[in-house]
Amino acid sequence: MDSDISVFSEGEAPVDQPRDPNTRLPNVQLIYNQSTTHSVLGRPLKGRQVIYSPVRQVTRDNVREVVTKALRSHLTNQTEIEYLLNYRLGDQPILRRRKNVREEINNPVVQNHAKEAVDFYKGYVYGEAVQYVRRGDSRADSNLDGKVDSQTINTTSEQISKLNDVLSYYHKAQVDNEMGGWALTCGTSFRFVSTGEEDETLLLSSLDPRYTFVVYSTKIGHPPLCGVHMIQNEDLTRTYYVYTDHAFYELQGDGLSADKLIREEVNYLGQCIIEYPLNEWRTGIFEPAIDILDAINTIQSNRLDGVEQFIQNYIVFLGTKVGPEQINAFKASGVICLPASDNSGGRPDMKVEAPELNQGQTQILMDNLYNRALTIMGIPERSGTGISGGDTGSAVMFRNGWADAEAHARDMETAYRPCDSRFLKIVLKVLANCKNPRERVYVDPRDIETKFTRNKTDNLLTKTQALQTLLASHVDPETAFKTVGLFSDPQQAFMNSKPYLDKAEQLTERQLEGRLRNHEKAATTTAHNQPNPTNENSQKSLNS
């Protein structure tokens with residue numbers, strides 16, 4: 001991927017370097033200190049900045065000022081995001097390493113554990129489609145008298161199941177997966193949602209965080225004021241698309257300002273650009289461990305250099321003088337005759353200077369750094385240690401680091417849900433008024449809960465037994481389906497299983513009624529067969 005960011009070693013960054021007007025991004029200098037920690041723009045990587053504005057509302061009068069001021073903070077984020085993206089793709093600082101001794105032996109090696117971390121969590125968290133289920137004890141469960149209405153519950157469940165089908169048709173899972181890749185790389189991602197063109201009801205897309213940002217209010221709660229997406233024009237100007245709660249603005253300017261208002265329209269959907277941060281600080285998954293990852297690259301490169309230096313060793317001649325002709329003859333035949341010099345004492349000698357790196361000790365250091373990086377990033381252990389044994393099921397999950405991975409994944413889910421609530425409000429507004437009746441959905445967003453499903457097949461027997469126990473204990477079947485984590489779409493699984501559940505319930509009721517009748521019949525028969533003590537006493541009196 002092309003990059004317009006210049007990288008310099010510390011102390012070599014030019015002063016007041018002019019910005020090239022032909023660059024796609026502003027030519028921002030990255031200062032990297034090879035001996036200590038990563039620095040971008042002279043400061044360590046500590047997550048992306050949140051952009052705030054003190055205005056109460058973005059209007060036609062202040063939109064240019066708000067966007068221009070926001071660009072100053074976004075340029076810093078843009079530079080860091082570009083750096084982290086390139087790092088994930090393999091463009092890491094070790095490739096620009098310089099050696100002071102034997103410069104010709106320089107083997108920079110990138111062990112791309114950053115990509116390993118992103119790929120792992122991208123599959124672990126976003127590999128299965130994010131589904132929606134009915135929220136328990138939702139307001140839709142009760143009628144006007146406050147009593148539970150089974151018909152309303154069924155209607156809400158059917159509408160939510162239909163919502164999942166519609167979003168699947170518009171490839172929401174693919175958009176979520178792409179957004180997850182951005183969030184895991186640079187700490188944040190952005191979704192665009194709007195009405196589609198022609199026969200398409202919805203338009204869903206993941207936006208590049210380098211060219212997208214959201215401005216938040218400084219008041220308590222920090223509600224979003226506007227979302228901005230920018231594109232580069234052929235004449236080297238930039239166009240800014242600004243979405244607020246009630247309006248859409250198109251601005252134009254250079255890379256540092258938006259000083260010209262081109263177009264204004266009414267926006268009925270609200271803020272169509274929604275930010276999905278990965279965590280509170282908007283840090284990527286490998287960003288806290290980036291120094292350790294650089295150290296691993298350095299050690300691995302030095303190991304390869306050590307092997308090459310051992311092979312390409314120096315030959316030292318002692319007590320003799322050897323010219324180029326003799327050295328060339330030695331290379332050709334493999335045999336050399338050493339003439340004695342005046343001060344050799346008649347004993348000329350030749351030896352090879354080939355110090356060898358201790359690979360065993362180096363591997364111990366490599367394993368230690370790799371395990372520390374996995375711990376920081378919350379990735380399960382893969383090195384082979386601690387994997388053998390007779391443990392199964394949950395014991396393996398807790399022993400090999402899967403519990404840490406699950407904790408990280410739950411943090412990501414917590415940050416995802418409030419952003420997805422804003423997304424659902426827009427989607428349901430569009431679907432409630434769409435022309436296609438097959439895609440028309442009527443449901444309150446407060447009745448919907450976002451559901452992540454992972455590890456559907458692990459502990460399969462335990463999960464099926466748990467589902468059977470919950471159903472046998474007369475737990476609400478919809479709640480039981482959501483609890484066991486056995487289905488990627490528990491709402492659809494419940495809807496598909498409902499006829500069978502109803503049939504099983506009717507069969508159980510008939511069996512109970514039959515057992516009750518048999519019990520009553522048996523009790524009646526027993527009562528008739530027992531002797532009557534009153535009749536026995538009367539007979540005894542007559543006999544006496």
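One numbering rule holds for all chains: residues counted from 1, following each sequence as written. It should be noted that, the model being predicted, local features are given only for residues of pLDDT at least 70 and side-chain atom pairs only at 80 or more, the latter also being counted only at that level, while totals for whole chains, interfaces and linings use all residues. Only hydrogens and water are set aside when side-chain values are computed; all heavy atoms of the structure are taken into account.

Student: Would you mind going over the nonpolar core with me for this structure?
Tutor: Soluble globular proteins: nonpolar side chains tend toward being buried together. Each nonpolar core is a collection of buried residues, namely Ala, Val, Leu, Ile, Met, Phe, Trp, Tyr and Cys, held together in the definition by side-chain atoms within 4.5 Å. Categorising residues by exposure relies on relative accessible area from a 1.4 Å probe, with only protein chains included: less than 20% of the type maximum marks a residue as buried, more than 50% marks it as exposed, and the intermediate range marks it as partly exposed. In terms of nonpolar packing, the biggest core is built from 74 residues, with Y121, L163, F286 and F423 touching the most fellow members. With 20 residues, the next largest nonpolar core counts Y211, A247, L251 and A258 among its residues.

Student: How should I be thinking about the side chain of T185 in this particular structure?
Tutor: Note on placement: T185 falls in helix α4 (residues 172-186). Reaching out from T185, the side chain makes a polar contact with the side chain of R88 at a distance of 3.0 Å. Only 2.7 Å separates the side chain of T185 from the backbone oxygen of G181, close enough to count as a polar contact. When sequence neighbours within four positions are dropped, the list of residues in contact with T185 reads L84, L85, R88, V118, G284 and F286. For helices the rule is a DSSP run of H or I covering at least 4 residues; for strands it is a run of E covering at least 2, with both sets numbered from the N terminus onward. Polar contacts here mean pairs of N or O atoms no more than 3.5 Å apart (in protein, one a potential hydrogen donor and the other a potential acceptor; neighbouring residues in sequence count only if both atoms are side-chain atoms). The contact definition used throughout considers only heavy atoms, calling two residues in contact when any of these lie within 4.5 Å.

Student: How do you make sense of the sheet that holds strand β5 (residues 188-195) when you look at a structure like this?
Tutor: Sheet strands associate in pairs through backbone hydrogen bonding, adopting either a parallel or an antiparallel arrangement. Pairing in this open sheet of three strands is antiparallel, and the strands run β6-β5-β12 from one edge to the other. Both outer strands of the open sheet, β6 (202-207) and β12 (273-277), are each paired with one neighbouring strand and no more. The mean inter-strand angle of the sheet, taken between neighbouring strand axes irrespective of direction, is 25°. When DSSP finds two or more bridges between a pair of strands, those strands are recorded as paired. Across five bridges, the pairing between β5 and β12 is antiparallel. Residue pairing for β12: R191 is matched across the bridge by I274. Angles shown run from 0 to 180 degrees and are taken between the N-to-C directions of axes, each axis being a line fitted to C-alpha atoms and, for helices, limited to the stretch in contact. The sheet contacts of α4 involve β5, β6 and β12, and relative to β5 the element is tilted by about 150°. Running over the sheet, helix α9 (residues 402-432) touches β5, β6 and β12 and is turned about 155° from β12.

Student: Would you explain the pairing of β6 in this entry?
Tutor: In the case of a regular strand, side chains alternate between the two sheet surfaces. Pairing geometry for β5 and β6, over six bridges, is antiparallel. By the bridge assignment for β6, T195 is matched with L202. Counted between consecutive antiparallel strands, the loop separating β5 from β6 contains six residues, among which E198 sits at a positive phi close to 55°.

Student: So what exactly am I meant to see when it comes to the packing of helix α2 (residues 113-126) against helix α7 (residues 359-377) here?
Tutor: The angle between the axes and the distance between the axes are what describe a pair of packed helices. Viewed as axis vectors pointing N to C, α2 and α7 meet at an angle of 35°, and their least axial separation amounts to 12 Å. Note on packing geometry: the crossing formed by α2 with α7 is right-handed. Between α2 and α7, the contacting residues are H113, E116, A117 and Y121 on the first element and Y370, L374 and M377 on the second. The class makeup of the residues in the contact of α2 with α7 is five nonpolar, one polar and one charged. Helix crossings fall into two classes, left-handed where the near helix is turned counterclockwise from the far one by less than a right angle and right-handed where it is turned clockwise. When residue character is reported, Ala, Val, Leu, Ile, Met, Phe, Trp, Tyr, Cys and Pro are called nonpolar, Asp, Glu, Lys and Arg charged, and the others, Gly included, polar.

Student: Any chance you could explain the packing of aromatic side chains here in plain terms?
Tutor: Geometry of an aromatic ring pair is reported as the spacing of the ring centres plus the angle between the planes. Centres within 6.5 Å make a pair out of two Phe, Tyr or Trp rings, where for Trp the six-membered ring is used; the pair is then stacked when the planes are under 30 degrees apart, edge-to-face when over 60, and tilted otherwise. In total, this model carries 12 aromatic pairs according to the counting rule given. Plain terms: the ring middles of F120 and W402 are 5.8 Å apart, the flat faces sit at 55° to each other, and that makes the pair tilted. Here F120 is found in helix α2, whereas its partner W402 is found in helix α9, with 282 residues between them in sequence. Its relative accessible area of 12% is what places F120 among the buried residues. Accessibility expressed as a relative area gives 27% for W402, which makes it partly exposed. Through a chain of ring-to-ring contacts, the aromatic side chains of F120, Y121, Y124 and W402 assemble into a single cluster.

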